[in-house]
2 protein chains.
Amino acid sequence: VIKGVIFDLDDTLYDTTLQVSLARRNAVKAMIAAGLDATEDEAEEALGKVVSEKGSNYQCHYDEMLSRMGAVPNPKVVAAGIVAYHETKRMHLTPYPDTMPTLLSLRDNGYRLAVVTDGLNVKQWEKLIRLGLSDLFHTVVIAGQDIQPKPSPQPFIAAANQFNLRPEECIVVGDRPDKDIAGAKRAGMASVQLVRGEHAPRKPSGKDEEPDYIIGSLPELKALLKSIR
Amino acid sequence: VIKGVIFDLDDTLYDTTLQVSLARRNAVKAMIAAGLDATEDEAEEALGKVVSEKGSNYQCHYDEMLSRMGAVPNPKVVAAGIVAYHETKRMHLTPYPDTMPTLLSLRDNGYRLAVVTDGLNVKQWEKLIRLGLSDLFHTVVIAGQDIQPKPSPQPFIAAANQFNLRPEECIVVGDRPDKDIAGAKRAGMASVQLVRGEHAPRKPSGKDEEPDYIIGSLPELKALLKSIR
């Protein structure tokens, strides 16, 4: 019997992909309005390259982007990009409409709820707080700093331990076969891939990434959990 | 004849003091709600000490604050403080009601307008953009990185040069005798101290900090400039 439900955060409980792509597009528009001489597509490509090479927690994306585009360093242009990026991210940092009702309903039905997410401890907590989700989970495990990141089984086992549940009593819900599903399997937990349909579904690249179940929205989880019981 | 008007930014065009004190108070409230075991006054005192010792651009105020209070490191508490601080600052990052009308009226009357402010280039530009003031000035000079900070005459002279005006054709408007007034005098410019009254007025600590004029609100500047002419 499943007693604990472990959720991924990004692109499972809110639409990170949409948020980031709108934020980048608005950043680039603002930089051009502030004086950057480039097309939106050129600028967005340059920004995308810097982010993919330097990682999303690098501090000087925009300075680096200007230098690669051969543009003069310009703090007004950089600030315009930063403000537009953050304002857009902030505006779209909102849970999927089905997130909160599903979590509350599962809590009401006695399930223990966890988030297992990779990232910087404080940054991931900031997201949960801004999303209004920080008090909804019985357990939050942020992996990557003190705990091995997914698909390591370590963060999933940590959540089960904090629940006082055995792995076979837990189920993992996430969008990424390579992280969430693979990690769940290695931890000895059942797994559910959430394929919402607005983004191209991520495909398992091998047997160890194949989910036990697939759902198209979070509310389907309730019937699924009943059927497993 | 005065042809150029050089403004200070913080506490002259918007209420930084109020913004920061509300932000700190809300940060501390949020940290206590997230689990910090302290009174608001204790926590605010600890935060104030960290900021005054480490400077306002230090990256780990809240971690340091917890460690000084003997509290366990807790990313949820730190994130709660960061989110509340930034949300409060953001909400109060708004010009004084008389700022925009005065600036527009001076522009309409043919004055060249500048901001001269100390700080990090990108951070000060972010403020101007968020305040909606970034396009209102003919010249923005940010001192402290590439240019000597106030009360050096250097940033004031830089603004006059960009105006193509002589120092005696410019007037400086600011709240701080030690920075704005002293710097204006060293640059050979007339000076106006803005004493808005909601905060304790800053007093000149010597002859070199004594303003030529004192005003209680920005609109008074228009009559003053006419009287000098």
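The rules behind the values
Residues numbered from 1 in each chain as written. Chains lettered and ligands numbered in written order. Predicted model: local features only at pLDDT ≥ 70, side-chain atom pairs only at ≥ 80, totals over all residues. Heavy atoms only, no water. Pairing = 2+ DSSP bridges. Helix = DSSP H or I, 4+ residues; strand = E, 2+ residues; numbered from the N terminus. Axes fitted to C-alpha atoms, helices over the stretch in contact; angles between N-to-C directions. Contact = heavy atoms within 4.5 Å. Least-squares fit on C-alpha atoms with pLDDT ≥ 70 in both. Salt bridge = Lys/Arg side-chain N within 4 Å of Asp/Glu carboxyl O. Buried area = accessible area lost by both parts, 1.4 Å probe. Polar contact = N/O pair within 3.5 Å; in protein donor to acceptor, adjacent residues only side chain to side chain. Phe/Tyr/Trp six-rings, centres within 6.5 Å; stacked < 30°, edge-to-face > 60°. Lys NZ or Arg CZ within 6 Å of the ring centre and 35° of its normal. 1 Å grid on protein atoms, 1.4 Å probe; cavity = no way out; pocket = protein on both sides within 12 Å on 5 of 7 lines; lining within 4 Å. Points joined across faces, edges and corners; volume = space filled by probe spheres on them. Nonpolar A, V, L, I, M, F, W, Y, C, P; charged D, E, K, R; others polar. pLDDT = per-residue confidence, 0-100.

Draft legend 1. Fine view of the sheet that holds strand 1 (residues 4–7) of chain A. All names here are of chain A. On the basis of which strands lie adjacent, the open sheet formed by 6 strands has the order 3-2-1-4-5-6 and parallel pairing. The open sheet terminates on both sides in strands that have one partner only, identified here as strand 3 (139–143) and strand 6 (213–215). Ignoring which end each strand starts from, the neighbouring axes of this sheet average 25° apart. By the bridge criterion, 4 bridges tie strand 4 (residues 170–174) to strand 5 (residues 190–194) in an arrangement that is parallel. The residue bridging Ile171 from the neighbouring strand is Ala190, located in strand 5. Along the sheet face, helix 9 (residues 220–228) touches strand 1, strand 4, strand 5 and strand 6 and points at about 155° away from the line of strand 6.

Draft legend 2. How the structure looks around the relation of the copies chain A and chain B. Placing chain A over chain B gives an RMSD of 0.0 Å and needs a rotation angle of 180°, together with 0.0 Å of translation along the axis. Here the symmetry operator amounts to a two-fold rotation axis. With an isologous cut-off of 70% or more, the 100% of interface residues of chain A that recur at the interface of chain B puts this contact in the isologous class.

Draft legend 3. Quick look at the pattern of salt bridges. Residue and element names in this part refer to chain A. Inspection of every chain in the model, using the stated rule, returns 39 salt bridges over all chains. Lys207 is the salt-bridge partner of Glu210, the closest N and O atoms lying 4.0 Å from each other. In the salt-bridge network here, residues are joined through shared partners; they are Arg25, Lys29, Glu40, Asp41 and Glu44.

Draft legend 4. Seen up close, the interface of chain A and chain B. Taken together, the contact pairs 18 residues of chain A with 18 residues of chain B. Across the interface of chain A and chain B, roughly 1700 Å² is buried in total on both sides, 68% from carbon and sulfur atoms. Across the pair Lys76 of chain A and Asp135 of chain B runs a salt bridge whose closest N-O atoms are separated by 3.0 Å. Our count for the contact surface shared by chain A and chain B stands at 6 residue pairs in polar contact (both at pLDDT 80 or more).

Draft legend 5. Highlighting the packing of aromatic side chains. Under the defined criterion, the tally for this structure stands at 2 aromatic pairs over all chains. Its guanidinium or amino end placed over the ring of Tyr96 of chain A, Arg196 of chain A lies 3.5 Å from that ring's centre, counting from NZ or CZ.

Draft legend 6. Here's a closer look at the layout of surface pockets. Residues and elements named next belong to chain B. Approximately 230 Å³ is the volume attributed to the second largest pocket. For the second largest pocket, the lining is made up of 13 residues, of which Trp125, Val140, Val141, Ile142 and Gln162 are closest to its centre. Among the secondary structure elements, those contributing two or more residues to the lining of the second largest pocket are helix 6 (121–131) and strand 3 (139–143). With 4 residues, the single largest contributor to the lining of the second largest pocket is strand 3. In the lining of the second largest pocket, the residues fall into 7 nonpolar, 5 polar and 1 charged.

Draft legend 7. Layout of the confidence of the model for chain A. Averaged over chain A, the pLDDT score is 95; the fraction of residues at 70 or greater is 100%. With a pTM of 0.86, the predicted complex shows an ipTM of 0.85.

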